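# Observations on the three-dimensional arrangement
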Amino acid sequence: MPEPERYDPLRPGKGEAIAPTGQGGAMDLALEEAESLEKPLGPGGPGATGPQEKARSLWSDAWQQLRRNPVFILSALLIAFLVVIAIWPQLIAGGDPLRCDLSKSQQGPASGHPFGFDTQGCDVYTRTVYGARASITVGVCATVGAALLGSFLGGLAGFFGGWGDALLSRVADIFFGIPVVLGGLVFLSVVTSTTVWPVVGFIVLLGWPQIARIARGSVITAKQNDYVQAARALGASNSRMMLRHVAPNAVAPVIVVATIALGTYIALEATLSFLGVGLRPPTVSWGIDISNAASQIRNAPHMLLYPAGALSLTVLAFIMLGDAVRDALDPKLR
């Protein structure tokens, strides 16, 4: 004979319901729990803890940090200004940088000529503004060329390894052993072109090994991650793994190094032009103006002050930008 079921006030029977007593007892607690279970959970539901935040990637986190970095903002504004005057120098300089008047040789600042005149009687202000075009063109083109070539070769060597990796490492070691200034004196002394492309080619020739070594190490680290191994297990091709999984996660160190190297390449172009083997007249360059003013630093220091100051600010801006990008993209520095 079945034992009669005991009455439990917390468990309603047939046709019964739990009614609140208003005394805050066990029956009221049971009723509140039952009602809370019936209410939907979600972003707008009563059981939600707040709006669900979307997961952010490395690039979004880096951008959020860069927006709050005053060093990045200051350097980015200065670089944007330099790029604008390099493309449209006539916005702030209406004269001709190649128009000179020997009667005004080495004269100081005058009305309409705030930076004075150089040895040939050319307006120093106009030449300083127009000199940004050659320097930034060399820096940007050399950086893009070295980054593309170095990333391609270093990425292939790091992904496939083997004899190709060993060969690339030995070739890079050879280029690392060449002094940059001495190599420029030898390589560019036989070039007669007055354009920027021989200088760009030389910088790319000596700059790609550094990018290649960074890209190789980054690819070796990225290809060992679980998502790459899972893609390989699912039958993904090498090209798909490289483009979809490895490259997006290995490009950050390359961007950092390339950004810092851009300022270095601008300084290298000015150094080679100062030595007479880089850019040559009639090209307007800060290095050429500094070389012409070096012998007259005592008589007319303004000839050296303004192009050297513009060069220093440009190199400093790109190096500061590279440091800010490095701090944002490297999680270890946060």
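That block above? That's the structure.
Residues numbered from 1 in each chain as written. Predicted model: local features only at pLDDT ≥ 70, side-chain atom pairs only at ≥ 80, totals over all residues. Heavy atoms only, no water.

### Describing the side chain of serine 273
Note the threshold: The helix count covers DSSP runs of H or I at least four residues long, the strand count covers runs of E at least two residues long, and both are numbered beginning at the N terminus. Each residue gets one of three labels from its accessible area relative to the maximum for its type: buried under 20%, exposed over 50%, partly exposed in between, using a 1.4 Å probe on protein chains only. Every residue pair with non-hydrogen atoms within 4.5 Å of one another is taken to be in contact.
Structurally, the position occupied by serine 273 is in helix H9 (residues 238-274). The exposure class of serine 273 is buried, given its relative accessible area of 4%. Excluding its chain neighbours within four sequence positions, the residues that come into contact with serine 273 are Gly278, Leu279, Ser285, Gly287, Ile288 and Ser291.

### Structural notes on H9
Inclusion rule: Multiplying one less than the number of residues by 1.5 Å gives the expected span of a helix. The term bend refers to the angle at a residue between two fitted axes, each drawn through seven residues, those ending there and those starting there.
Between its first and last C-alpha atoms H9 spans 47 Å; for 37 residues at 1.5 Å apiece the expected length is 54 Å, and the helix comes up short by more than 12%. Of all the bends found along H9, the most pronounced is centred on alanine 247 and spans about 55°, while proline 248, a proline, follows it within four residues. At the C-terminal side of H9, glycine 276 shows a positive phi close to 90°.

### Brief notes about the layout of surface pockets
The following threshold applies: Two kinds of site are reported from a 1 Å grid over the protein atoms alone, namely cavities, where a 1.4 Å probe fits but cannot get out, and pockets, open sets with protein on both sides within 12 Å along at least five of seven lines, and residues are called lining when an atom falls within 4 Å of a point. Grid points are joined across faces, edges and corners, and a volume is the space filled by probe spheres set on the points. We call Asp, Glu, Lys and Arg charged. Ala, Val, Leu, Ile, Met, Phe, Trp, Tyr, Cys and Pro are nonpolar, and the rest, Gly among them, are polar.
Empty space within the second largest pocket amounts to approximately 330 Å³. When residues of the lining of the second largest pocket are traced back to their parent elements, those giving at least two are helix H4 (124-160), helix H7 (197-222) and H9. Here the lining of the second largest pocket takes 10 residues from H9, the largest share from any one element. Residues belonging to the lining of the second largest pocket are distributed by class as follows: 13 nonpolar, 4 polar and no charged.

### Observations concerning the nonpolar core
Formally: We call a set of buried residues a nonpolar core when its members are Ala, Val, Leu, Ile, Met, Phe, Trp, Tyr or Cys and they connect through side-chain atoms within 4.5 Å of each other.
Formed by 30 residues in total, the largest nonpolar core has its most connected members in Ala132, Ile266, Leu311 and Leu329. Those residues within four positions of leucine 311 in sequence are excluded, and the remaining contacts are Ile266, Ala270, Trp286 and Ile290. Among the nonpolar cores identified, the runner-up in size contains 24 residues, and Ala157, Leu168, Ala261 and Leu272 belong to it.

### Description of the side chain of threonine 143
Its location among the elements puts threonine 143 in helix H4. Note on threonine 143: relative accessible area 9%, which makes it buried. Non-local contacts of threonine 143, meaning those with residues more than four positions away in its chain, are made with Ala258, Ala261, Leu262 and Tyr265.

### Details of the pattern of salt bridges
For clarity, the threshold we go by: For salt bridges, the criterion is a side-chain nitrogen of Lys or Arg within 4 Å of an Asp or Glu carboxyl oxygen.
Under the defined criterion, the tally for this structure stands at 6 salt bridges. Between aspartate 173 and arginine 213 there is a salt bridge; the shortest N-O distance is 2.8 Å. Of the two residues, aspartate 173 is situated in helix H5 (residues 162-176) and arginine 213 in helix H7; the sequence distance between them amounts to 40 residues. Given a relative accessible area of 33%, aspartate 173 falls into the partly exposed group. Judged by relative accessible area, arginine 213 falls into the partly exposed class, the value being 43%. Each of Arg170, Asp173 and Arg213 takes part in salt bridges that share partners, so that together they form one network.

### Comments concerning the environment of threonine 221
As for its position among the elements, threonine 221 is in helix H7. The class of threonine 221 is exposed, set by a relative accessible area of 54%. The spatial distance from the C-alpha of threonine 221 to the C-alpha of asparagine 249 is 9.4 Å, given a sequence separation of 28 residues.

### Describing the state of the cysteines
How we decide: Cysteine sulfur atoms that pair up within 2.5 Å are treated as a disulfide.
Within the structure shown, the criterion is met by 1 disulfide. In this model cysteine 100 forms its disulfide with cysteine 122; the gap between the sulfur atoms is 1.6 Å. Classification of the bridge connecting cysteine 100 and cysteine 122 rests on its S-S torsion, roughly 60°, and on that basis the disulfide is right-handed. Taken as a pair, cysteine 100 in the loop between helix H3 (70-87) and H4 and cysteine 122 in the loop between H3 and H4 lie far apart in primary sequence, 22 residues in all. Looking at cysteine 100, the relative accessible area reads 38%, which means it is partly exposed.

### A few points about the environment of serine 218
Put simply, the rule is: What qualifies as a polar contact is a pair of N or O atoms within 3.5 Å, subject to a donor-acceptor requirement within protein and to the restriction that residues adjacent in sequence count only when both atoms come from side chains.
The residue serine 218 is located in helix H7 in this model. Spatially, the C-alpha atom of serine 218 lies 5.1 Å from that of alanine 250, the residues being 32 residues apart in sequence. Residues in contact with serine 218, not counting those within four places in the same chain, are Asn249, Ala250 and Pro253. Only 2.9 Å separates the side chain of serine 218 from the backbone oxygen of alanine 250, close enough to count as a polar contact.

### Topic: the packing of aromatic side chains
When we look at a pair of aromatic rings, we describe it by the centre distance and by the angle of the planes. The line we're drawing: Here the aromatic set is Phe, Tyr and Trp, taking the six-membered ring for Trp, and pairing holds for ring centres within 6.5 Å; pairs whose planes are under 30 degrees apart are stacked, those over 60 apart are edge-to-face, and all others are tilted.
Inspection of every chain in the model, using the stated rule, returns 6 aromatic pairs. Seen from their ring centres, phenylalanine 115 and tyrosine 125 are 5.2 Å apart, and the 80° between their planes marks the pair as edge-to-face. Of this pair, phenylalanine 115 sits in the loop between H3 and H4 while tyrosine 125 sits in helix H4; the two residues are 10 residues apart in sequence, bridging distant segments of the chain. Relative to tryptophan 208, the ring of phenylalanine 175 has its centre 5.6 Å away and its plane inclined at 65°; by these criteria the two rings are edge-to-face. Within this pair, whereas phenylalanine 175 is found in helix H5, its partner tryptophan 208 is found in helix H7, the two being separated by 33 residues in sequence. Overall, the relative accessible area of 6% leaves tryptophan 208 in the buried class. Following the ring pairs from residue to residue traces out a cluster consisting of Phe115, Tyr125 and Tyr306.

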